[in-house]
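Close look at the chain arrangement
Residues per chain, in single letters:
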Amino acid sequence: MILPAPDPPKPDRGKEIDVTLLVDSTGKVTSVSLKPQITDRNYARKFEELMRGYSFLPARDCNGRPIAATTVVTVTVN
């Protein structure tokens, strides 16, 4: 489960954010982009840091080797 950072500013509450995550071959998040952008820069920074803290099972190529991949998750800011 992917959870947003706590205590969002009022203008961003209830907003659905498409979070694009680049996950490397070890499962670590190496890049985060948000659509739409979060209006409060301090909260956006906390949100992005939290997203970078997640880890995943890496994607695999047709030979079963771990590879980098991109995934998009939708997060509702509450």
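Here the structure is shown first, and the text comes after it.
In what follows, the accompanying structure is described. Keep in mind that this is a model prediction, so the values were computed, not measured.

Analysis parameters
- Residues numbered from 1 in each chain as written.
- Predicted model: local features only at pLDDT ≥ 70, side-chain atom pairs only at ≥ 80, totals over all residues.
- Heavy atoms only, no water.
- Helix = DSSP H or I, 4+ residues; strand = E, 2+ residues; numbered from the N terminus.
- Buried < 20%, exposed > 50% of the residue type's maximum accessible area, 1.4 Å probe, protein only.
- Contact = heavy atoms within 4.5 Å.
- Areas by Shrake-Rupley, 256 points an atom, 1.4 Å probe, with all protein chains shown as cover.
- Phe/Tyr/Trp six-rings, centres within 6.5 Å; stacked < 30°, edge-to-face > 60°.
- Pairing = 2+ DSSP bridges.
- Core = buried A, V, L, I, M, F, W, Y, C linked by side-chain atoms within 4.5 Å.
- Polar contact = N/O pair within 3.5 Å; in protein donor to acceptor, adjacent residues only side chain to side chain.

Of the regular secondary structure elements, the chain holds 1 helix and 5 strands. Helices and strands appear in the chain in the N-to-C order β-β-α-β-β-β. Projected onto the principal axes, the alpha-carbon positions of the chain cover approximately 45 × 20 × 15 Å. Classification of the 78 residues of the chain by burial places 29% in the buried group. Sequence-distant contacts, at least 24 apart, represent 65% of the contacts inside the chain between residues at least 6 apart. Total accessible area computed for the chain in this model is approximately 5,000 Å², and 53% of it derives from carbon and sulfur atoms.

The next thing to look at is the packing of aromatic side chains. If you walk through the whole model with that rule in mind, you get 1 aromatic pair. Ring geometry for Tyr43 against Phe47: centres 6.1 Å apart, planes inclined by 55 degrees, an arrangement best described as tilted. Linking Tyr43 with Phe47, this pair stays in helix α1 (residues 41-52), spanning 4 residues, or about one helical turn. The same class applies to Tyr43 and to Phe47, which are both buried.

With that out of the way, let us pick up the pairing of strand β1 (residues 16-23). Only one face of β1 is buried: it carries Ile17, Val19, Leu21 and Val23, and the other face, with Glu16, Asp18, Thr20 and Leu22, is open. Of the pairings in the sheet, the one linking β1 to strand β5 (residues 69-76) comprises 8 bridges and is antiparallel in character. In the strand pairing of β5, Glu16 is matched with Thr76.

The next subject is the nonpolar core. The biggest cluster of nonpolar side chains holds 17 residues, and the ones touching the most others in it are Val19, Leu21, Val32, Leu34, Ile38, Phe47 and Met51. Among the elements of the structure, β1, β2 (29-35), α1 and β5 are those that each provide at least two residues to this core. Beyond its immediate stretch of four places on either side in the chain, Phe47 contacts Pro4, Ala5, Val19, Leu34, Ile38, Val75 and Val77.

This part is about the environment of Lys15. Residue position: Lys15 is located in the segment before β1. Expressed as a C-alpha distance, the spacing of Lys15 and Thr26, which sit 11 residues apart in the sequence, is 31 Å. When neighbours within four sequence positions are excluded, Lys15 is seen to be in contact with Pro36, Gln37, Thr39, Val75, Thr76 and Val77. Within polar-contact distance, the side chain of Lys15 engages the backbone oxygen of Gln37 at 3.5 Å.

Honestly, that's just the spatial picture; any functional story needs more than this.
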